[in-house]
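Remarks on the overall topology
One-letter residues, chain by chain:
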Amino acid sequence: MSKKLKVAVIGVGGIAKTHMPGWAASPDAEVVAGADVAANALQEWGKTNGVTRLFADPYDAIHDPEIDVIDICVPNMFHAPLAIAALDAGKHVLCEKPLAPTPSDIRNMIAARDRSGKMLMTAQHFRFAGVSRAMKREIDLGVLGDIYHARSWMLRRNAMIPTVGFTKNSLSGGGPCIDIGVHALDLTLWLMGNPKPVAVTGTAKNMLSHKPGQFSIWRSGPMPPPEDFDVEDFAAAFVRFENGATLVLEVSWFLHHDTMGEDMQIW
Ligand SMILES: NC(=O)c1ccc[n+]([C@@H]2O[C@H](COP(=O)([O-])OP(=O)(O)OC[C@H]3O[C@@H](n4cnc5c(N)ncnc54)[C@H](O)[C@@H]3O)[C@@H](O)[C@H]2O)c1
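Residues numbered from 1 in each chain as written. Predicted model: local features only at pLDDT ≥ 70, side-chain atom pairs only at ≥ 80, totals over all residues. Heavy atoms only, no water.

Moving on to the overall build of the protein. Across its full length, the protein holds 10 helices and 10 strands. For the protein, the accessible surface area stands at approximately 14,000 Å², while carbon and sulfur atoms represent 58% of it. Distance from the positive charge centre (25 side chains) to the negative charge centre (29 side chains) of the protein: 2 Å. (Helix = DSSP H or I, 4+ residues; strand = E, 2+ residues; numbered from the N terminus. Areas by Shrake-Rupley, 256 points an atom, 1.4 Å probe, with all protein chains shown as cover. Lys, Arg positive; Asp, Glu negative; His and termini not counted. Charge placed at Lys NZ, Arg CZ, Asp CG, Glu CD.)

A few words now on the sheet that holds strand β10 (residues 246-252). The strand order β7-β10-β9-β8 describes an open sheet built from four strands, whose pairing is mixed. Across the chains shown, the open sheet's two edge strands, defined by having one partner strand only, are β7 (149-155) and β8 (197-205). Shown here is a sheet whose adjacent strand axes are inclined to one another by a mean of 10°, direction ignored. Packing of helix α10 (residues 181-192) onto the sheet brings it into contact with β7, β9 (234-241) and β10, and relative to β10 it is tilted by some 160°. (Pairing = 2+ DSSP bridges. Axes fitted to C-alpha atoms, helices over the stretch in contact; angles between N-to-C directions. Contact = heavy atoms within 4.5 Å.)

Per-residue pLDDT for the protein has a mean of 93; in total, 95% of the residues score no lower than 70. This stretch, residues 261-265, has a pLDDT under 50; its non-local contacts, to residues over four places away or in other chains, come to seven contacts. (pLDDT = per-residue confidence, 0-100.)

A word on the packing of aromatic side chains. According to the stated counting rule, one finds two aromatic pairs in the structure shown. Residues Phe229 and Trp253 carry aromatic rings whose centres are separated by 6.0 Å and whose planes lie at 75° to one another, so their mutual orientation is edge-to-face. Of this pair, Phe229 sits in the loop between β8 and β9 while Trp253 is found in the segment after β10, placing the two residues 24 residues apart along the sequence. A relative accessible area of 0% means that Phe229 is categorised as buried. Between Phe229 and Phe254, the aromatic rings sit 6.4 Å apart at their centres with planes inclined by 45°, giving tilted as the arrangement. Of this pair, Phe229 sits in the loop between β8 and β9 while Phe254 sits in the segment after β10, placing them 25 residues apart in sequence. What makes Phe254 buried here is its relative accessible area of 0%. (Phe/Tyr/Trp six-rings, centres within 6.5 Å; stacked < 30°, edge-to-face > 60°. Buried < 20%, exposed > 50% of the residue type's maximum accessible area, 1.4 Å probe, protein only.)

Right under this line is the structure:
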């Protein structure tokens, strides 16, 4: 590649910090700009990473002619508008998961990608883990035969990021189903060979987050109050695919289950 792609990170909070080593290791891209509505966090991030092009308005980064790639690391509800604007401005987009909270948002993002001719990628990084790739290789070699059923889960005892970006529906658009569930589901569908779903039934409940004494190991102190925690804390689904295969998905931020083997327990 003759020139390094110039990247602007939008939203410089928790996950953006974990993107930085990846960008720093790339011979083909470099982070040259950042944008965030939180001025202090943006200044601090700029200082830490040696980035001086800092924007209070993310759309200024999107319309900066020097920028080639927009890395979207903001709460879920802002993913679609920012990604569509960036694609329409001729930028490639890496967007944190979930790509967006609703299928129609995602269809609009894909349409923007198609009319721009640029790349749109979501940060479903589970596929890139060594164990996932090794499993995929075995499956593709036929070691498991035909996959006719899958159980997919990400069940946490008491571990969620207790900030409104995750717990308030107007910012997150959903709870663990689209937070950790998208990771489990993406990995499972990929391992199954991406069969076409034909029917889905599901449930989503908030049973535990409002109980007194509830806590997350991510932060000491109480949960956000109920008015700021209006997404589910548990979800389950049953999916049937065109090829006859089926899948069960279970996700929770607060399932106080016994440890049923390391594969079932995240924290
Ligand atoms: N891939 C993963 O495993 C993983 C892990 C954690 C979070 N995430 C995703 O990353 C995204 C952000 O999560 P986080 O944990 O970094 O949240 P965070 O709250 O730590 O950071 C979000 C940042 O975005 C800024 N922001 C909010 N709205 C903005 C806007 N409209 N324009 C510009 N900046 C804005 C906030 O000020 C904050 O600095 C979410 O979509 C989340 O699902 C992915």
